[in-house]
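Examining the three-dimensional arrangement
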Amino acid sequence: MSTIREQPIFSTRAHIFQIDPSTKRNWIPASKHALTVSYFYDAIRNVYRIISVGGTKAIINSTITPNMTFTKTSQKFGQWADSRANTVYGLGFASEQHLSQFAEKFQEVKEAARLAREKSQDKTELTSPALSLTSQQIYPSPIISSNGPDDKLFRSQSADMEMTTERERIKKMLSEGSVCEVQWEAEFFTLQDSNSKLVAALHEANANVEQWKKQLAAYQEETEALRLRVAELEAQRAHDSSGETKEEASPALEELEQLVKAKDEELQQLKSQKGGRWEGNEESEETLQKVQDLERRNKDLEHRLQLAEQTLSETLAERNKMYHEVSKVAEIMDMKIFELSELRQDLAKLVESN
């Protein structure tokens, strides 16, 4: 089979163009999108070819000779002329690196073709007598008839026509077979490329299994630590909300209430003494001043009490907020644990499939 005789040695993807035969200047796109362009080597004939197939049609089927030259015309475009196909091929690559790789391979294959030709010439010189006998073309013998020269000419022309028809039929069969051969070779190379990619992906997955296992163990340890932290925070919140907050705030509140109560009693005593104990104006003004001072201090104490109550309410609000945050962290950790369990199952399936 052709796939055994001729093997792909390099492949890339590019947009294919051919020179306009009428103008010899403009490029005509040979494909609507990028196609696979491959180098093939025929070990039996010692021939290198560039082949690209689009659908059922061979867009490029160029045999590389030592006289060919691949020219870079821009950062992503290159071309070469094929005298046998009587055309110029152009390739547009996705990057400058792909163009450089194709050009280097072209130069390498060109040098190999030159060496193959030199070896072939040396063999030809050594075996020229035998080759000269076997390479002679055998032409059909003229048909001799006793019916005269007209009958001889008619039979010769008829034989030439039959021979021309037979040659055309053989050429057509060879061209159809070449297209099928190129298509099979391209399909074989595509399958081989896909197989190599799958093998590389499998090796990479196997190499990363141990790393994934280590990451999974680290995630599990972190999850357990976060679980313990959440439990501690919940216990601390319950304890603080039940006892510590009230115990911390109670002494301050009781002290303020006692002060307010004492000042109220002092104020009442001053008011009761205002009517009958002091008779002079100076004493009355001094008493009024004291009363006003006590009222201001009373208001100040009330304000401090309100601030203490506000602080207590803010503290309770912060406790509730912390509780909600802890609950949210617990939910997130549950989700992480679920994702880690799914990752563990996927890794187990991957290991089993490998």
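Structure's up top.
Residues numbered from 1 in each chain as written. Predicted model: local features only at pLDDT ≥ 70, side-chain atom pairs only at ≥ 80, totals over all residues. Heavy atoms only, no water.

Details of the overall build of the protein chain
How we decide: Per the convention used, a helix needs a DSSP run of H or I reaching at least four residues, while a strand needs a run of E reaching at least two, with both numbered from the N terminus. Accessibility here uses a 1.4 Å probe with only protein chains present; expressed as a share of the type maximum, an area under 20% marks a residue as buried, one over 50% as exposed, and anything in between as partly exposed. What makes two residues a contact is simply this: any of their non-hydrogen atoms within 4.5 Å.
Helix and strand counts for the protein chain stand at five helices and eight strands. Starting at the N terminus and walking to the C terminus, you meet the elements of the protein chain as α-β-β-β-β-β-β-β-β-α-α-α-α. For the protein chain, the residues scored as buried account for 24% of the 354 residues in total. Pairs at least 24 apart in sequence give 60% of the contacts found in the protein chain among residues at least 6 apart.

Describing the packing of aromatic side chains
Rules: Note on ring pairs: Phe, Tyr and Trp rings are taken, using the six-membered ring of Trp, and paired if centres are within 6.5 Å. Classes follow the plane angle, with under 30 degrees stacked, over 60 edge-to-face and the rest tilted.
Under the criterion given, the structure shown has 12 aromatic pairs. Ring centres of Trp80 and Tyr89 lie 5.2 Å apart, and the angle between their planes is 35°; on these two criteria the pair is classed as tilted. The class for Trp80 is buried, based on a relative accessible area of 1%. Pairing Trp80 with Phe106 gives two aromatic rings, centres 6.0 Å apart and planes at 50°, and the pair type is tilted. Taken as a pair, Trp80 in strand β7 (residues 77-82) and Phe106 in helix α2 (residues 96-126) lie far apart in primary sequence, 26 residues in all. Put simply, the rings of Phe10, Tyr39, Phe70, Trp80, Tyr89, Phe93, Phe102 and Phe106 pair up and form one aromatic cluster.

Examining unusual backbone geometry
Although it is not a glycine, Lys24 sits at a positive phi angle of roughly 60°. Mapping Lys24 onto the fold places it in the loop between β1 (6-19) and β2 (27-29). A positive phi angle is found at Asn46, which is not glycine, with a value near 60°. By the element assignment, Asn46 lies in the loop between β3 (35-42) and β4 (47-54).

Overview of the side chain of Ser38
Quick reminder of the rule: Any N or O atom pair separated by 3.5 Å or less is treated as a polar contact, with the protein-specific requirement of one donor-capable and one acceptor-capable atom, and with residues adjacent in sequence counted only for side-chain atom pairs.
Here Ser38 shows up in strand β3. At 3.4 Å, the side chain of Ser38 forms a polar contact with the side chain of Ser11.

Quick notes on the pattern of salt bridges
The criterion, for reference: Just to be clear on terms, a salt bridge is a Lys or Arg side-chain nitrogen sitting within 4 Å of an Asp or Glu carboxyl oxygen.
Using the criterion set out here, one finds seven salt bridges in the structure. Arg227 serves as the salt-bridge partner of Glu224, at 3.7 Å between the closest nitrogen and oxygen. Highlighted residues: Glu224 and Arg227, both in helix α4 (residues 149-274), separated by three residues, approximately one helical turn. Between Arg229 and Glu232 there is a salt bridge; the shortest N-O distance is 3.7 Å. On the criterion of helical spacing, the pair formed by Arg229 and Glu232 is a turn pair, its members being three residues apart in helix α4.

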